[in-house]
Amino acid sequence: MLLTLVTAVSLQMTAAVAAAMPPANTSPNTAWQQVAAYDGSSATYDHEAEAQLLEMANAERAHVGLPALKLDDGLARAARAHAAQMASQNKLSHQFSGEAPLAERVGANSSLHLNRSGENVAVAPNAEEAHAGLMSSPPHRDNLLSPGFNVAGFGVFRSGRWLYVTQDFGSSTPAYSVKQAEELVSTSLEQVRAQVRMPRLQRIENRNAQNSACAMAQADSLNGTEPPSGAYMLRYTSMQPEALPSNISKIIGQRGLRTYSAGTCYAKTKKYPNGAYWVVLVFY
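Residues numbered from 1 in each chain as written. Predicted model: local features only at pLDDT ≥ 70, side-chain atom pairs only at ≥ 80, totals over all residues. Heavy atoms only, no water.

Visitor: Describe in detail the pairing of strand β9 (residues 276-283), supporting the description with residues and values.
Guide: The buried fraction of β9 amounts to 8 of the 8 residues, a majority that puts the element mostly inside the structure. Burial along β9 is two-sided: the face carrying A276, W278, V280 and V282 and the face carrying Y277, V279, L281 and F283 are both buried. Pairing between strand β7 (residues 232-238) and β9: 7 bridges, direction antiparallel. Paired with M233 across the bridge in β9 is V282. Judged from the 8 bridges that link them, strand β8 (residues 259-267) and β9 form a sheet pairing that is antiparallel. By the bridge assignment, G263 is partnered in β9 with V280. (Buried < 20%, exposed > 50% of the residue type's maximum accessible area, 1.4 Å probe, protein only. Helix = DSSP H or I, 4+ residues; strand = E, 2+ residues; numbered from the N terminus. Pairing = 2+ DSSP bridges.)

Visitor: Tell me about the state of the cysteines, residues and numbers included.
Guide: Applying the stated criterion across every chain yields a total of 1 disulfide. C214 shares a disulfide with C265; S-S distance 2.3 Å. Measuring handedness by torsion sign, the sulfur bridge of C214 and C265 sits at about 100 degrees and is right-handed. Taken together, the residues C214 in helix α9 (residues 207-219) and C265 in strand β8 connect sequence positions 51 residues apart. Using a relative accessible area of 27% as the deciding quantity, one classes C214 as partly exposed. (Disulfide = S-S within 2.5 Å.)

Rendered as structure tokens:
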């Protein structure tokens, strides 16, 4: 089964900073309402601060020998929208009432195939202080210096003299075509057979296997399809089609198997908002 890990941590304000912050604006012309009608120019995003924070984050990563985070426009859109909402409510939070959770926000905005996501939020008068505060907090530092993250999008919304910061991180994996994904599944299956010294299976090209995988994705359920008459079917989800679930390896290594078909279908669903490969193996 696909495991999606979401790490979300917020940087709390000091008492002095919290006391100095203005009350939330509840008038009809709030910052959040400006963003809701965002036309590309009216929102008060601080793009310079966003670039500064990414540059400082990558400098920290280089210092410990980690590759730089690559900017993803989709993650940046998700981060900016959340930063604007924090500004409108004058509050740090990872999810407000009526707002989608992090995985759904990221999945709806980014076209990347992500198998892990994380988020930092903070408020500070400038980018330097925001970065210093995040780096001095172990959980935020862990997100910034995680070797598992390779893409990011930072959103900074300016409200008066305060910057509301959201940093969204992701672990981007390769995007495979249907044929490429099926080849990776088949290669891994044959490797399992070889490891247990079982004869190589004959692979049969059968589009029904792919149709079955897409039927599962459409139903958002592994029970979204039935095996053909006289056949045995294995069904699972994964972000990495080359990695077979451990619990099916013993089944694949059984005697008596002769032929099989493999079908895959990549889709973003409610259960897997960041996307997953739905995989069907049919043995005859």
